Amino acid sequence: MPEGLRWRRRGFGGAALLLGLALPLVVDAQSRPVSPGRKAPVQCWTDDRGQRACGDVVPPADARRERALIDPRGVVTQVLPAQKSPAQVEAEAKRAREDEQRQAYDRYLLQAYRDVPAIERARDERLAALDARRQLTEKAIADTRAALAELRGRQPASPAHGAQLQARIDEFTAAEADQRKALSRLHDERARIHGDFDRDIGRFRELRQGSGG
C-alpha cells in the first residue's frame, strides 16, 4: 500500500460507514478551511474497474477523475469535477467559436436588412452581376472556338509555318479549356448564392418571429 494512503476500496471501516451516511451533507469547501495542524481531507473516486477508492494521496492515473473531498468527520466538503481530455476541451472550444460566429451573423442579418424583400433585392443584384460575367465568358468561348475553327482550316505553306500554326491552335485550345472551367465556376457560384440567400431568408424569418417582429 502506498505510503500516505489512508484506506482504499473495501477497507474503509467505520469511516466508510460515516461517509455513506454523510454524503447528502454536501457543503462548500471554502466555508470549512483546514486549520494548521488539521489533516487534509480524504479524497474518494471510482477507478477503472468501477471500484470505489479513497485516500489522502491520489494516484496520478486517477487524478483526472471526479473526486469527493471528505473531512475527518466523513462529511463531503467538495466535489472536484473530472478533468476533461484535450479532445473534449478542443471540441468545446470549437462549439463556442461556432456559436459565437452564428450569433454574430444573426446580428448582421438583423442590422443589414429591414425585411425579406430587402434580402431578395440583394440576392438579385448579386445574381445580375454574376450573369453579366457569365455572358462575357460565354462570348469569349464562342470567339475562341471561332478562332480555332479558322486556324484549323488553314493550310500551312511550309513545315515551319505548320509548326507555328499548331502552336497557335494549342494556345487557343488551352484558352478555351480555361474559359470553360471559369464558366463552370460561375455556374457553381450562382447555385451557391441562391443557397446562401435562401438560408439567410429562412434564418431572418426565424429571428423576426422569435423577436416578435
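Now for a quick tour of the structure. These numbers were taken from a predicted model, which means no experiment stands behind them. (Residues numbered from 1 in each chain as written. Predicted model: local features only at pLDDT ≥ 70, side-chain atom pairs only at ≥ 80, totals over all residues. Heavy atoms only, no water.)

This next bit is on the pattern of salt bridges. Taken as a whole and judged by the stated rule, the model has 18 salt bridges. With a shortest N-O distance of 3.0 Å, Lys139 and Asp143 are connected by a salt bridge. Here Asp143 and Lys139 lie together in helix H3 (residues 116–152), a separation of 4 residues that amounts to about one turn. The partner of Glu171 in a salt bridge is Arg168, with the nearest N and O atoms 3.4 Å apart. Placement of the pair is Glu171 and Arg168 together in helix H4 (residues 159–210), with a separation of 3 residues, close to one helical turn. Within this structure, Arg133, Glu189, Arg192, Asp196 and Arg199 form a network of salt bridges that share partners. (Salt bridge = Lys/Arg side-chain N within 4 Å of Asp/Glu carboxyl O. Helix = DSSP H or I, 4+ residues; strand = E, 2+ residues; numbered from the N terminus.)

Turning next to the nonpolar core. Among the nonpolar cores identified, the biggest contains 13 residues, and Tyr113, Ile119, Ile193, Phe197 and Phe204 are the most heavily contacted of them. Broken down by secondary-structure element, the contributors of at least two residues to this core are H3 and H4. Ranked by size, the runner-up nonpolar core spans 6 residues in total, among them Cys44, Cys54, Ala68 and Ile70. (Core = buried A, V, L, I, M, F, W, Y, C linked by side-chain atoms within 4.5 Å. Buried < 20%, exposed > 50% of the residue type's maximum accessible area, 1.4 Å probe, protein only.)

With that out of the way, let us pick up the state of the cysteines. Summed over all chains, the structure comprises 1 disulfide. A sulfur-sulfur distance of 1.8 Å marks the disulfide that ties Cys44 to Cys54. In this structure, the disulfide formed by Cys44 and Cys54 twists by about 115 degrees around the S-S bond and is classed as right-handed. Here the residue Cys44 occupies a position in strand S1 (residues 42–46), and Cys54 occupies one in strand S2 (residues 52–55), the gap between them amounting to 10 residues. Across this residue pair, the class does not change: Cys44 and Cys54 are buried. (Disulfide = S-S within 2.5 Å.)

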